[in-house]
Amino acid sequence: MGNVIIVGGGASGLMAAVFAARQLEKVTVLEHKDKIGKKILATGNGKCNYTNLDQGPKMYRGNDSSFAMKVLPLFHVNHTIDLFKELGIYPKEKNGYLYPNSEQASSVVEVLKLELNRLKVKICCEVDVEGIKKDKSGFLIITNKGEYTADTVILSAGGCASPNLGSDGSGYGLAEKLGHRIIKPLPALVQLKSDAKYFKTLAGVRTKVFIRLFIEDNFAAEEQGELLLAAYGVSGIPIMQLSSYATRALDQKKKVHLLIDFLPEVTKEELVEMLYKRVGRNPSVTAEEALIGLFNNKLAYVGLKQAGIDPLELCALVGKNKLYHLAEQFKEWKVVISGPGTFDQAQVTAGGVDTAEINDRTLESKLVKGLYFTGEIIDIDGTCGGYNLQWAWTTGAVAGMNCGIMK
Ligand SMILES: Cc1cc2nc3c(=O)[nH]c(=O)nc-3n(C[C@H](O)[C@H](O)[C@H](O)COP(=O)(O)OP(=O)(O)OC[C@H]3O[C@@H](n4cnc5c(N)ncnc54)[C@H](O)[C@@H]3O)c2cc1C
């Protein structure tokens, strides 16, 4: 059990290496990029939102999301904070979201590297793992730079999201060849597209909203926060949070739409009243002018058109009926979703190695003794806010702690 190979030098693989090397002498990380930790550098807009104090079942998704709830307590948020403090990361908290006090994601990579050097972990970059075979004596790892042998393999190769940062989905093929079932990988934490032509006009608008997601006309989920409107459709944190429900449904050819409330703090009736006062106050101004200061100009223009009101129509001509439609337009703006963004744009992958085939106390494969899985390659994805990195740290630590234990 002495010789461990970790495939992938991302968040979960590096954490697995730390814990494996604290008990075993020979730990090697094989990474096909020229550097380890490339994706960590891109996290949290370069600041690395490495965990979140607010944890719960709603933050983790998968075919069997209860798997996450069984694994996370084994190395939870406080363990993560303590470990990173021990390595040098002093936490900075913003509404429960934790960042390194330096606000530099590079700090997280650097402290992990320093610890791996201290523990004498061998790091081999530009080594692409092409195949893994298991026989009675252990594992044979086939790479572009020759073959390696190991008693234990930790598969930490990530998913398919943002492949430019290293995780190109090749880990799924490696797991599949070892007999594992892969739940179809789909982009998650990603923007959503719409075919509505007016998005070209709305591109660049940012505004606080409340959004409800419907699948086959049934309510599925809701979120609030800042919405970003773009020529292709919608983005921003609330959309990212809703996206994993939407991408799964779209993949199953189900109809998906959003109802966006552009003025969540007032009721529809209050908005009708407000609009009524605005148009009544100066009947000689246009409908568009009457909305100045209430909504972004581009949004007001498109909203009027969608409600069947000519933006240049004089307020004197806009009747109460039309105002009711206008209020409805802004309070329940329907956006039919035509598709999700691509893996290139996604922050995370939903789907992956079926959790039914992984031991929830050790992360060892139930099918192949000595094989462990960590991070995004497993069929669990977190919502925005530090949850995906927490999943990476937890699974890395648990696999690293358990991989040297004789069973
Ligand atoms: C832009 C962006 C911002 C994000 N921000 C946050 C955030 O602020 N907070 C948060 O919690 N999460 C964030 N995430 C998600 C988070 O970064 C990932 O979920 C997490 O890094 C996954 O860790 P991992 O170890 O499973 O996989 P990865 O970090 O993807 O690491 C996998 C590693 O394996 C290597 N590899 C893959 N295949 C092979 C192979 N065949 N041979 C050798 N090496 C291989 C890859 O090059 C890579 O280095 C963000 C993601 C992106 C893309």
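Residues numbered from 1 in each chain as written. Predicted model: local features only at pLDDT ≥ 70, side-chain atom pairs only at ≥ 80, totals over all residues. Heavy atoms only, no water.

(A) Molecular detail of the pairing of strand β8 (residues 129-135). Where β8 lies against strand β9 (residues 138-143), six bridges are found, and the strand directions are antiparallel. Residue pairing for β9: V129 is matched across the bridge by T143. A loop of two residues connects β8 with β9, the two strands running antiparallel in sequence. (Pairing = 2+ DSSP bridges. Helix = DSSP H or I, 4+ residues; strand = E, 2+ residues; numbered from the N terminus.)

(B) Summary view of the packing of helix α1 (residues 11-21) against helix α13 (residues 387-402). In contact at an axis separation of 7 Å, α1 and α13 are set at 30 degrees when each is read in the N-to-C sense. Regarding the angle of α1 to α13, the classification is roughly parallel. Of the two possible hands of crossing, α1 and α13 adopt the one that is right-handed. Mapping the contact onto sequence places A11, S12, M15, A16, F19 and A20 in α1 and L389, A392, W393, T395, G396, A397, G400 and M401 in α13. Broken down by class, the residue content of the contact of α1 with α13 amounts to ten nonpolar, four polar and no charged. (Axes fitted to C-alpha atoms, helices over the stretch in contact; angles between N-to-C directions. Parallel < 35°, antiparallel > 145°, perpendicular 65-115°, else oblique. Left-handed = near helix turned anticlockwise from the far one by under 90°. Contact = heavy atoms within 4.5 Å. Nonpolar A, V, L, I, M, F, W, Y, C, P; charged D, E, K, R; others polar.)

(C) The pattern of salt bridges, seen in detail. Summed over the entire model, instances satisfying the criterion amount to 16 salt bridges. Across the pair D34 and K38 runs a salt bridge, and its minimum N-O distance is 2.9 Å. Judged by relative accessible area, K38 falls into the partly exposed class, the value being 25%. Put simply, K92 and E103 hold a salt bridge, and the shortest N to O gap is 2.8 Å. In this pair, K92 is assigned in strand β5 (residues 91-94) and E103 in the loop between β6 (97-100) and α5 (105-118), connecting sequence segments eleven residues apart. Sharing partners across several salt bridges, the network here consists of R22, E86, E115 and R118. (Salt bridge = Lys/Arg side-chain N within 4 Å of Asp/Glu carboxyl O. Buried < 20%, exposed > 50% of the residue type's maximum accessible area, 1.4 Å probe, protein only.)

(D) Looking closely at the packing of helix α11 (residues 297-306) against helix α12 (residues 320-331). At their nearest, the axes of α11 and α12 sit 9 Å apart, and the two run at 125 degrees to each other. Taken together, the axes of α11 and α12 lie oblique to each other. The chirality of how α11 crosses α12 is right-handed. When α11 is examined against α12, the residues L299, A300, G303, L304 and Q306 are found in contact with a partner set consisting of L326, Q329 and F330. Split by residue class, the contact of α11 with α12 holds five nonpolar, three polar and no charged.

(E) Molecular detail of unusual backbone geometry. Positive phi, close to 50 degrees, is recorded for E216, a residue that is not glycine. Checked against the element boundaries, E216 lands in the loop between β14 (206-215) and β15 (218-230). We classify E216 as partly exposed; its relative accessible area is 35%. A positive phi is found at L363, a non-glycine position, where the angle reads about 70 degrees. Within the element layout of this structure, L363 appears in the loop between β20 (348-353) and β21 (371-373).

(F) Local environment of the packing of aromatic side chains. In this structure the tally under the stated criterion is eleven aromatic pairs. Ring centres 5.4 Å apart and planes at 65 degrees place the aromatic pair Y50 and F84 in the edge-to-face group. With Y50 in the loop between α2 (38-42) and β3 (51-52) and F84 in helix α4 (residues 77-87), this residue pair connects regions lying 34 residues apart in the sequence. The exposure class assigned to F84 is buried, which follows from its relative accessible area of 1%. Taking the centre distance of 5.7 Å and the plane angle of 85 degrees together, the rings of Y60 and Y387 count as edge-to-face. Within this pair, whereas Y60 is found in strand β4 (residues 60-61), its partner Y387 is found in helix α13, the two being separated by 327 residues in sequence. Judged by its relative accessible area of 2%, Y60 is buried. Residue Y387 is classed as buried on the basis of its relative accessible area of 4%. (Phe/Tyr/Trp six-rings, centres within 6.5 Å; stacked < 30°, edge-to-face > 60°.)

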